[in-house]
Amino acid sequence: LKFLKAFHDAQIHKIKLLLDSETWLQVDVAKEFQIITDRYQLKCKSETKLPVLVARSSNSKKTDNSNKTDDNSNEFVTKYIRIGGIEFPVCSSTLLLIKLIDGYIVYSEDFRFLTVPILSKIVVLLKVCAHPTKAHEFYFLTIFFNYCFF
């Protein structure tokens, strides 16, 4: 379990550093993050419905600048992360949190016997991120986890 503690301590350190310098402004979303969220959406129960609350529906008008590709890269960039057909604006710490949680889930899949300790580490990570005045920035993650896992 020493490697899990070291992994967890490193993840907490990363998110704390980013949260301390977070500007809470919307950032572009690289394809990598959409792939991560899509991977878990595919595992979702089909009967679960995602509530439309704060986010902008994907059916609404999009401007030509909402999605773009860089000629020097095959990476797709968008202004929102899409979950269940709803687009959510996100800040940089939200993107890091998605990547960190994905890392925990990968460990959980590789080491099934550590699933419960890993889940408790995810809870600690989410508590670190639930800054009282900025918790609304992570609102979509609550919806995402509810949509995918419950």
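A separate point is the overall build of the chain. Broken down by element type, the chain carries five helices and six strands. The order of α-helices and β-strands along the chain, N terminus first, is α-β-α-β-β-β-β-β-α-α-α. In the chain, the share of contacts with a sequence separation of at least 24, taken over all contacts with a separation of at least 6, comes to 84%. Summed over its atoms, the accessible surface of the chain is roughly 9300 Å², and 59% of this surface lies on carbon and sulfur atoms.

Bringing the packing of aromatic side chains into the picture now. Taken as a whole and assessed by the stated rule, the structure comprises six aromatic pairs. When the centroid spacing of 5.9 Å and the interplanar angle of 35 degrees are considered together, the rings of Tyr-107 and Phe-111 count as tilted.

Let us look at helix H4 (residues 115–129). With 15 residues, H4 should reach 21 Å at 1.5 Å per residue; the first-to-last C-alpha distance of 21 Å fits that figure. Where H4 is buried, its residues contact helix H1 (2–21) and helix H3 (92–110).

Where H1 contacts H3, the two axes come as close as 10 Å, and the packing angle between them is 170 degrees. Taken as axis vectors, H1 and H3 run roughly antiparallel relative to one another. Between H1 and H3, the residues in contact are Phe-3, Phe-7, His-8, Gln-11, Lys-14, Ile-15, Leu-18 and Leu-19 and Ser-92, Ser-93, Leu-96, Leu-97, Leu-100, Gly-103, Tyr-104 and Tyr-107, respectively. In terms of residue class, the contact of H1 with H3 is made up of ten nonpolar, five polar and one charged.

Before going further, it helps to spend a moment on unusual backbone geometry. In this model, Trp-24 sits at a positive phi of 60 degrees, which is unusual for a non-glycine residue. As for its placement among the helices and strands, Trp-24 is situated in the loop between H1 and strand S1 (29–30). Classification of Trp-24 by relative accessible area gives buried; the value is 16%.

You can see Glu-22 is positioned in the loop between H1 and S1. Judged by its relative accessible area of 11%, Glu-22 is buried. A polar contact of 3.1 Å, which involves the side chain of Glu-22, links it to the backbone nitrogen of Trp-24. The contacts of Glu-22, once residues within four sequence positions are left out, are Cys-91, Ser-92 and Ser-93.

Turning our attention to the environment of Leu-25. Secondary-structure assignment places Leu-25 in the loop between H1 and S1. As a C-alpha pair, Leu-25 and Val-90 span 65 residues in sequence and 7.8 Å in three-dimensional space. For Leu-25, the contacting residues outside a window of four places in its chain are Val-90 and Cys-91.

With that settled, the discussion passes to the nonpolar core. By size, the foremost hydrophobic cluster in this structure holds 29 residues, and its most contacted members are Ile-15, Phe-33, Ile-81 and Leu-125. For this core, the element with the most residues is H3, which contributes seven residues. Among residues more than four places away in sequence, those in contact with Phe-33 are Ile-81, Leu-95, Ile-98 and Lys-99.

Relative orientation of the contacting elements H1 and H4 amounts to 15 degrees, with a least axis distance of 10 Å. It follows that H1 is roughly parallel to H4 by the angle criterion. Our pair here, H1 against H4, has a crossing hand that is right-handed. The residues of H4 that touch H1, namely those facing Leu-4, His-8, Gln-11, Ile-12, Ile-15, Lys-16 and Leu-19, are Pro-117, Ile-118, Lys-121, Val-124, Leu-125, Val-128 and Cys-129. Considered class by class, the residues forming the contact of H1 with H4 number ten nonpolar, two polar and two charged.

To continue, consider the confidence of the model for the chain. The predicted model of the chain has a mean per-residue pLDDT of 74, with 64% of residues at 70 or higher. Confidence scores differ between elements of the chain, with strand S2 (residues 56–57) showing the lowest mean pLDDT of 36 and S1 the highest of 94.

The rules we used
- Residues numbered from 1 in each chain as written.
- Predicted model: local features only at pLDDT ≥ 70, side-chain atom pairs only at ≥ 80, totals over all residues.
- Heavy atoms only, no water.
- Helix = DSSP H or I, 4+ residues; strand = E, 2+ residues; numbered from the N terminus.
- Contact = heavy atoms within 4.5 Å.
- Areas by Shrake-Rupley, 256 points an atom, 1.4 Å probe, with all protein chains shown as cover.
- Phe/Tyr/Trp six-rings, centres within 6.5 Å; stacked < 30°, edge-to-face > 60°.
- Expected span 1.5 Å × (residues − 1).
- Axes fitted to C-alpha atoms, helices over the stretch in contact; angles between N-to-C directions.
- Parallel < 35°, antiparallel > 145°, perpendicular 65-115°, else oblique.
- Nonpolar A, V, L, I, M, F, W, Y, C, P; charged D, E, K, R; others polar.
- Buried < 20%, exposed > 50% of the residue type's maximum accessible area, 1.4 Å probe, protein only.
- Polar contact = N/O pair within 3.5 Å; in protein donor to acceptor, adjacent residues only side chain to side chain.
- Core = buried A, V, L, I, M, F, W, Y, C linked by side-chain atoms within 4.5 Å.
- Left-handed = near helix turned anticlockwise from the far one by under 90°.
- pLDDT = per-residue confidence, 0-100.

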